[in-house]
Amino acid sequence: YEIPLRLVGSEMCIRDRTTRWIDAEMSSLDAAISKMESVVIADSDGENTTQYLNWETGRVFEKNQTIDIREKHMEFNCVSFSYDKIIPGEQLVEGIQHKYNGIVIVYSDGAHVNYIIDKFTNAKFILRKLLSYAGKKEIAPNEYAITSDLFLWMIKKVYEDNNDIEQEDGALLSIDSVSGFKGDSEDMKTTVIAKGESLMNLISTLSFVLESKRINQIKISLQYSEHENIEAVLNTKPSLDIKDKKYLGAFLWDGNNDIILTRAKLYLLMYLDIIPRLLQAYYTEKDNDLWNNEVKKSFFRELGEELTRKISERIEEE
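First, a word on what this report is: a plain description of the structure on this page. (Residues numbered from 1 in each chain as written. Predicted model: local features only at pLDDT ≥ 70, side-chain atom pairs only at ≥ 80, totals over all residues. Heavy atoms only, no water.)

## Re the pattern of salt bridges
Evaluation of the coordinates by the stated rule reveals 14 salt bridges. The salt bridge partner of Arg 59 is Glu 37, with a shortest N-O separation of 2.9 Å. Linking Arg 59 in strand S2 (residues 51–59) with Glu 37 in helix H1 (residues 29–37), this pair joins segments that are 22 residues apart in sequence. Judged by relative accessible area, Glu 37 falls into the partly exposed class, the value being 27%. With a shortest N-O distance of 2.8 Å, Asp 244 and Arg 263 are connected by a salt bridge. One end of the pair, Asp 244, is in the loop between strand S12 (239–242) and strand S13 (248–249); the other, Arg 263, is in helix H6 (residues 259–287), with 19 residues separating them in the sequence. (Salt bridge = Lys/Arg side-chain N within 4 Å of Asp/Glu carboxyl O. Helix = DSSP H or I, 4+ residues; strand = E, 2+ residues; numbered from the N terminus. Buried < 20%, exposed > 50% of the residue type's maximum accessible area, 1.4 Å probe, protein only.)

## Describing the packing of helix H3 (residues 148–159) against helix H7 (residues 293–317)
Orientation of H3 relative to H7, taken along the N-to-C sense of each, is 55 degrees, at an axis distance of 12 Å. In terms of axis orientation, H3 runs oblique to H7. Here the hand of the crossing between H3 and H7 comes out left-handed. Facing H3, whose interface residues are Asp 149, Leu 152, Ile 155, Lys 156 and Tyr 159, H7 presents Val 295, Lys 296, Phe 299, Phe 300, Glu 302, Leu 303 and Glu 306. Along the lines of polarity and charge, the residues of the contact of H3 with H7 split into seven nonpolar, no polar and five charged. (Axes fitted to C-alpha atoms, helices over the stretch in contact; angles between N-to-C directions. Parallel < 35°, antiparallel > 145°, perpendicular 65-115°, else oblique. Left-handed = near helix turned anticlockwise from the far one by under 90°. Contact = heavy atoms within 4.5 Å. Nonpolar A, V, L, I, M, F, W, Y, C, P; charged D, E, K, R; others polar.)

See below:
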């Protein structure tokens, strides 16, 4: 069934920190969606184990939607789900049950069905429940090798105002800004966090990059083709969060007024087109020795000198 637009509120929207998975059993998009719409068998192991009850599912769009990515015409749909989680010791009385819900973007790459789900920790468990899988290898992560080094490469691009990411097909892709990142300090006992729209000009940012041993999260604003602004958060524990309220671009200008459809298209664009382009540019620079240990050392020296200069300026202002 199709969810009426009046019901599409915060509870029915794609939430943050999505993960992507591939189905080793399914090759048919419609078959996968039909399976997810069927009755989910609730856990009934007794009061001493966590139970997942009262599952409800339904397809969001009556007809499958389409999107063109890299000259490929793809079909997709979304499936909404909700369930009650009962932890051991609780009684099944109204007011104590914990209600959870979410959205799964279901698409096919031609050979396998893939899922983008707005869950991180419990993602595989939920997908297996929705698909009634009982084995061990039906669902596997479909993730990119997102590393701290990739994030450092992005930061250098923005810091040195070298924002445009060259593409072999001539497409426009630019990292316009870095507005937040998080990582572990050198002693690995603390976490350092920086955020704010003017990060690249702040003393705290320079200090952060020098202090951080491993950047594990970055928030960037991108420009890509007819998409003027896409704000996204990437993690080294592969996950993706798109801040869709900041989005400006073609998906808002095509007459579509469905928030779930816009968000689904954004996630498909990021996972299937933009992230692969970023990774390709990153590895190309590595292969051509444009990004190596010597370049990184030079960057760190530059940051150190800039940090010293800014601290001196701050002292003189006092």
